[in-house]
Amino acid sequence: MDRQSIVTRNHPVLTRIEPLSPLSVGNGEFGFSADFTGLQTFPEAYEIPLGTQSAWGWHSTGGRHVFGDEHIVFQPFDTYGRQVLYPMKPEGKDEAYHWLRQNPHRLQLGRISFRLLRQDGQEAELSDVVPIRQEMHLWTGVLHSIFAVQGTEVRVETTCDPQRDCIGIRVHSALIRENRLQLFVAFPSPDMTHRSWSKSVFPEWNRDDRHSTALIETRDGSAAWKRLLDEDEYAVKWMWDKGRLTQTGTHEFTLMPRMDSDSESWECSIAFAPRNPEPQPAHAIMQASSDHWQRFWNGGAAVDLSGSTDPRAAELERRIVLSQFLSAVHSAGSMPPQETGYMYNSWFGKMHLEMHWWHAAHFPLWGRADLLLRSMDWYVAILPEARKLARSQGYAGARWPKMVAYDGQQSPSPVAPGLIWQQPHPTALAEMCYAARPEVSLLERYKDIVFEAADFMVSYAHWDDEKKAYVLGPPLIPAQENHAMAESLNPPYELEYWKYGLDIAVRWAERLGITAPPEWIDVASQMAKPRHEEGVYLAHEHCPNTFTAKNQDHPSMLGALGLLPGSLVDKGIMKETLLKVKQCWDWESAWGWDFPMCAMTAARLNEPELAVDFLLMEATKNTYLPNGHNYQRPGLWAYLPGNGGLLTAVAMMAAGWTGAAERENPGFPQDGSWNVKWEGLKPLL
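Here is what the cut-offs are and how they apply
- All chains use their own residue numbering, which begins from 1 and follows the written sequence.
- With the structure being a predicted model, the display of local features is reserved for residues of pLDDT at least 70 and the display and counting of side-chain atom pairs for 80 or more, all residues being used for whole-chain, interface and lining totals.
- Side-chain metrics in this entry use all non-hydrogen atoms of the structure; hydrogen atoms and water are not considered.
- Helical segments are the DSSP runs of H or I of at least four residues, strand segments are the runs of E of at least two, and each set is numbered from the N terminus.
- Throughout, the radius of gyration refers to the C-alpha atoms, and the reference size of a globule is 2.2 Å times the residue count to the power 0.38.
- Partly exposed residues are those whose accessible area sits between 20% and 50% of the maximum for their type, while under 20% is buried and over 50% is exposed, using a 1.4 Å probe and protein chains only.
- What makes two residues a contact is simply this: any of their non-hydrogen atoms within 4.5 Å.
- Buried residues of nine kinds, namely Ala, Val, Leu, Ile, Met, Phe, Trp, Tyr and Cys, make up a nonpolar core once their side-chain atoms join them within 4.5 Å.
- Whether two strands pair comes down to DSSP finding at least two bridges between them.
- Lines fitted to C-alpha atoms define the axes here, with helix axes fitted over just the stretch in contact, and angles between the N-to-C directions of these axes take values from 0 to 180 degrees.
- In summary, the pairing rule links any two rings of Phe, Tyr or Trp, Trp by its six-membered ring, whose centres are within 6.5 Å, and it sorts them by plane angle into stacked for under 30 degrees, edge-to-face for over 60 and tilted for everything else.
- Expected span of a helix, by definition, is 1.5 Å for each gap between consecutive residues, and there is one gap fewer than residues.
- Fitting axes to the seven residues that end at a residue and to the seven that start at it, the angle between those axes gives the bend at that residue.
- Note on disulfides: each one is a pair of cysteine sulfur atoms within 2.5 Å.
- Angles are sorted into four bins: roughly parallel if under 35 degrees, roughly antiparallel if over 145, roughly perpendicular if 65 to 115, and oblique for all others.
- Note: crossing handedness is left-handed where the near helix turns anticlockwise from the far helix by less than a right angle, and right-handed where it turns clockwise.
- Polarity classes work like this: nonpolar for Ala, Val, Leu, Ile, Met, Phe, Trp, Tyr, Cys and Pro, charged for Asp, Glu, Lys and Arg, and polar for all others, with Gly in that last group.
- Here the arc refers to the directions that run from the helix axis out to each C-beta atom.
- When a carboxyl oxygen of Asp or Glu is within 4 Å of a side-chain nitrogen of Lys or Arg, the pair counts as a salt bridge.

(A) Structural context of the overall build of the protein. Along the backbone of the protein there are 17 helices and 30 strands. Radius of gyration (C-alpha) of the protein: 26 Å, near the 26 Å computed for a compact globule of 685 residues. Taken along the three principal axes of its C-alpha coordinates, the protein extends 90 × 65 × 50 Å. Buried residues in the protein amount to 63% of all 685 residues. If you take every contact in the protein between residues at least 6 apart in sequence, the share linking residues at least 24 apart comes to 70%.

(B) Geometry of the nonpolar core. Core analysis: the biggest nonpolar cluster contains 222 residues, and Phe147, Leu316, Trp357, Trp366 and Trp508 have the highest contact counts within it. The residues contacting Leu316, other than those within four sequence positions of it, are Leu305, Leu615, Leu616, Leu646, Val650, Phe668 and Trp674. One finds Ile72, Tyr97, Trp99 and Leu100 within the second-largest nonpolar core, a separate group that totals 5 residues.

(C) The sheet that holds strand E10 (residues 129-137), seen in detail. One open sheet holds the 9 strands; their spatial order is E1-E10-E11-E12-E13-E20-E17-E16-E15, and the pairing between them is antiparallel. Each end of this open sheet is capped by a strand with a single partner; those strands are strand E1 (13-14) and strand E15 (212-219). Note that strand E13 (residues 166-173) and strand E20 (residues 265-273) share 7 bridges and pair antiparallel. Opposite Val171, over in E20, you have Trp266 as the bridge partner. Across the sheet, helix H4 (residues 282-298) is in contact with strand E11 (142-149), strand E12 (152-160), E13 and E20; its angle to E13 comes to roughly 110 degrees.

(D) Structural detail: the side chain of Ser33. If you trace the backbone, Ser33 turns up in strand E3 (residues 30-34). Discounting chain neighbours no more than four positions away, the residues touching Ser33 are Leu23, Ser24, Gln40, Leu50, Gly51 and Met343.

(E) The arrangement of the packing of aromatic side chains in detail. According to the stated counting rule, one finds 37 aromatic pairs in the structure shown. Taking 6.3 Å as the distance between ring centres and 40 degrees as the angle between the ring planes, the aromatic pair formed by Trp225 and Trp238 counts as tilted. Here Trp225 is found in strand E16 (residues 222-229), whereas its partner Trp238 is found in strand E17 (residues 232-240), with 13 residues between them in sequence. Residue classification places Trp225 among the buried positions, given a relative accessible area of 0%.

(F) Structural detail: helix H11 (residues 440-460). Its 21 residues place the ends of H11 29 Å apart at the C-alpha level, agreeing with the 30 Å of an ideal helix rising 1.5 Å per residue. Tyr446 marks the point of greatest bend in H11, at about 55 degrees.

(G) Examining the sheet that holds E3 more closely. The strand order across the open sheet built from 3 strands is E2-E3-E4, with neighbouring strands paired in antiparallel fashion. Single-partner strands in this sheet number two, and they are strand E2 (23-26) and strand E4 (52-54). Strand-to-strand twist in this sheet, taken as the mean axis angle between neighbours without regard to direction, amounts to 20 degrees. As paired elements, E3 and E4 share 3 bridges and run antiparallel to each other. Paired with Gly31 across the strands is Gln53, a residue of E4.

(H) Just the pairing of E17, in detail. The sheet contact formed by E16 and E17 spans 8 bridges and is antiparallel. What sits directly across from Lys226, in E17, is Ala235. Pairing of E17 with E20 involves 6 bridges; the strand directions are antiparallel. From the neighbouring strand, Trp238 faces E20, where its bridge partner is Ile270.

(I) Structural view of the side chain of Asn103. As for its placement among the helices and strands, Asn103 is situated in the loop between helix H2 (94-102) and strand E8 (105-106). Taking the relative accessible area as the measure of exposure, Asn103 reaches 4% and is therefore buried.

(J) The arrangement of unusual backbone geometry in detail. Put simply, Asn103 and Pro104 share a cis peptide bond, and its omega is -10 degrees. Tracing the chain through its elements places Pro104 in the loop between H2 and E8. At the junction of Gly473 and Pro474, the peptide bond is cis and its omega measures out at -20 degrees in the coordinates. Looking at where Pro474 falls in the secondary structure, it is placed in the loop between strand E25 (469-471) and helix H12 (492-511). Phi at Glu534 takes a positive value of approximately 55 degrees, unusual for a residue other than glycine.

(K) Inspection of the pairing of E15 at higher detail. Here E15 pairs with E16 via 7 bridges, running antiparallel. Bridging across to E16, Thr218 finds its partner in Ala223. Where E15 folds back on E16, the antiparallel hairpin that results is connected by 2 residues, among which Gly221 adopts a positive phi of roughly 110 degrees.

(L) Geometry of the state of the cysteines. The full count for this structure, using the stated rule, is 0 disulfides. With no disulfide partner, Cys160 has as its closest neighbouring cysteine sulfur the one in Cys166, 7.5 Å distant.

(M) Structural detail: the packing of helix H10 (residues 425-436) against H11. For the pair H10 and H11, interaxial distance at closest approach is 9 Å and the crossing angle is 155 degrees. When the axis of H10 is compared with that of H11, the two are roughly antiparallel. At the point where H10 passes H11, the crossing takes the left-handed sense. Taken together, the residues of H11 that come into contact with H10 (itself represented by Pro426, Thr427, Ala430, Cys433 and Tyr434) are Leu442, Leu443, Tyr446, Ile449, Val450 and Ala453. Split into classes, the residues belonging to the contact of H10 with H11 amount to 10 nonpolar, 1 polar and no charged.

(N) Inspection of helix H14 (residues 571-584) at higher detail. If you check H14, its first and last C-alpha atoms are 20 Å apart, about what 14 residues at 1.5 Å a residue would give, namely 20 Å. Three or more residues of H14 are buried, namely Ile573, Met574, Thr577, Leu578, Val581 and Cys584. The arc enclosing the buried residues of H14, seen along the axis, measures out at 155 degrees, which places them on a common side. Counted as exposed and oriented over 90 degrees from the buried face of H14: Lys571 and Gln583. The secondary structure elements touched by the buried residues of H14 are strand E26 (532-533), strand E27 (536-537), helix H15 (594-604) and helix H16 (608-615).

(O) Broad picture of the pattern of salt bridges. This structure, assessed with the given rule, holds 36 salt bridges. A salt bridge links Arg118 to Asp120, with the nearest nitrogen and oxygen atoms 3.0 Å apart. We note a salt bridge from Glu607 to Lys575, for which the minimum N-O separation is 2.8 Å. Here Glu607, found in the loop between H15 and H16, pairs with Lys575, found in helix H14; they are 32 residues apart in sequence, far enough to count as distant. Taking relative accessible area as the criterion, Lys575 reaches 31% and is therefore assigned partly exposed. Taken together, the shared-partner salt bridges connect Arg9, Asp304 and Glu317 into one network.

This is the structure we're talking about:
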């Protein structure tokens, strides 16, 4: 396959300002989003923040231990005769509740911008900078930007070091010789300013007193700073080939051309790190980026849809290519990503562990298990916190929280503490990694998270004498979050996932020559079957109005057969459920990963036309912007679970799944309208 042609024909090319679609570069641990100048020069022209973020960059307002669990109220929920505590409501402890909810939060590390001057010496405005052309060279990871200031052209190349949290920049323009182009870095306040994350996504620039920027080293060609933010700190170092540095604000430093320079080119690099950043020369970063991304594209899997006659094929291929790039930049770090990656903070920059599968399950299916393995070790690191959470509620094993920062501690929330569907995720992801790399060392590496997750799942399930089966909840909140905690019983997806996760744990024990605890087998083999009425599955047993009052948010009952094998469900009933969902669901309330979830269910039910229809449905939250990001709504302009879900669904539709009939591209129509060529994909387990 001509992989370079597949990639390059899907390069994003912008010839106007796209307020929702800044382009980004990054390496999985760090990301930098740029406006049309290749830097962050005109942030006010964009509806979305222009971010500079990292996996390690976090801050807690006022210090790291201002409040703890002892300062908030936990609400008791009756759980089969005993009270289990969950932090769902403030109940008069608003300050502590909201502090814990938004701390630690991810940092905006700094803004890197041009200062462009007009011929009269005044700073150029947006209207002075035309025309523009910008192209993200996916094959090399270099962002190429061309624009003009009052007719004088500026050419910019921007990229990220594959190994360091460092941006390389090259500029060519007569403006440099004319002393009309400057570069500056500015640092914002670290605090979150609103209790609602959607109102605090933009950095705060008016609180100079809330942080410190100390110039600790300056030489001819480089400078270094130490940033202090309450108890947190990080370091920044800037390296350049020519120019002079001037402090132009309390937290702003500007690189200006030397007055005697006749050069029309400039290159520099700026690195961020917890301490001792080591920027490399920009030309070295450019070469390293090109080598890295060519290895990325030439490795793993590839899909070519160019021979298809279906008019939607080109758009699907664009989404596939851009989703691979964005996932590698934003979802392939040493921790599970936040839903917006390194673009900007959503939910205070915290990770949502129920989304980790959607962010990253595609990596092993696309031959890139190493990118998922980067974040799997984090579960091992937070295992003590997960054990502590389980014990605090009277359960065995380890309970994975839902909304967390790097420390793995659950956040208070009206919804998050009640979710359970993140519990089997690390187990399922570990199994996918093992399928891609069947090594005993990998079993040993992750056995504790698999086994202790199973111990919790067994202790959480409740034996129902009347049903003669194990049930889930109440209390719980299903993946479809618009259900009451105290009423939800046996949501279909969670039932199937509980069995699936326990079955994996049993297999891991067998592979390691260990006798699996009999209760794992007992619970897995006797999970309750999901309830159905009038030929369709309900959201949960106490929800007869599933398809009227509750036909919003995620149609998560479909997940029991699609991303999961559906061992507890009847395929005929699930097909009727899928058709009912398509007919009556409020698709404007659905989320980006719902569309690939439905496509996967349709594929398993041998409905390939329906699978493609779901995957490419015309709906606001199934929009993929020019930069490739999955748009949801104002405030949530990027939603990486949608990108990851799309890649997982495509892999499944092309390569199939365990137990699928031996048929080429089983999830795509067989009428000749889809010519799907691929290599390197793995079937879904």
